[in-house]
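# Examining the three-dimensional arrangement
Okay, here's what each chain looks like letter by letter:
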Amino acid sequence: MSLVDEAFSRLFPEAAFTYAAHLRYSGKFKQYNATVRKAGGALYFNLSRSWKSTSEEIVIGLIQHLLVKILRSERLAAAKDNSGKISSLNMQLYDDFIKGISEVAAVNNGSGSSDESLESSFARVNEKYFFGIADKPNLRWGLGSFRKLASYDYHTNTITVSSLFRDAPQQLLDYLMYHELLHKKLKFSSSNGRVQHHSSEFRRLELDFEGSSTIEQKLNLFLRSSRRQLRNVRQRPNWLRLFSFQ
Ligand SMILES: [Zn+2]
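Residues numbered from 1 in each chain as written. Predicted model: local features only at pLDDT ≥ 70, side-chain atom pairs only at ≥ 80, totals over all residues. Heavy atoms only, no water.

### Focus on unusual backbone geometry
In this structure, Phe131 takes a positive phi of about 55 degrees despite not being glycine. Classification of Phe131 as exposed rests on a relative accessible area of 73%. Even without a glycine there, the phi angle at Asn157 is positive, about 55 degrees. Its place among the elements puts Asn157 in the loop between β5 (150–153) and β6 (158–161). (Buried < 20%, exposed > 50% of the residue type's maximum accessible area, 1.4 Å probe, protein only. Helix = DSSP H or I, 4+ residues; strand = E, 2+ residues; numbered from the N terminus.)

### Quick notes on the packing of aromatic side chains
Applying the stated criterion across every chain yields a total of 15 aromatic pairs. Ring centres of Phe8 and Phe12 lie 4.8 Å apart, and the angle between their planes is 45 degrees; on these two criteria the pair is classed as tilted. Across this residue pair, the class does not change: Phe8 and Phe12 are buried. Ring centres 5.1 Å apart and planes at 35 degrees place the aromatic pair Phe165 and Phe222 in the tilted group. With Phe165 in the loop between β6 and α6 (170–186) and Phe222 in helix α8 (residues 212–245), this residue pair connects regions lying 57 residues apart in the sequence. (Phe/Tyr/Trp six-rings, centres within 6.5 Å; stacked < 30°, edge-to-face > 60°.)

Nothing here speaks to function; it is all geometry.
Quick look at the structure:
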């Protein structure tokens, strides 16, 4: 029995597995990443190579999460338990495993990888809101995205902040840092294949940030002015080219 068959039959004991399943490990993925794709009667699972050395029971939980996601509409009704939730021992093992990775994932303290303003933002926020005892995750600048301002990746234990905030007021950077550190601290809960990151506890703790009542407004103003600046910068080269080449 393949891992996919095993995962399916444990999740849907009454149902027949009618798909042709393909499972592939890839070195191109980020650590502990995985995807699934459905094409006709076939399911294609692509797992990061790091899953190869992980216990089969946990990989089964991962595959079950992916199955629930992709077969959502067709099969879910059949697998719900009395509480209306879809879960299995393997899925819980998987969740715990992912939460555990964020605790032990290597933190790169080497020179060149760290950034002074991210480091000091972490230090300020840790001191003020986490009694100075939060473990430091990897910290890095991401692309200059307006949509994804910051994120925490459990798989690699990394907080990424949009490069737009390189020269932002300290309070804004610290706010993003605080939000992402809350993710690291509170982890997530999942049910029915949906992952909840912003629980009511999360929202409550978010309010502890000093000045939280006006921070979203400040954030919006900052983003608006960054957008304006970016437009100006982008227009200037065109303008120069017009006059220097024609
Ligand atoms: Zn969040």
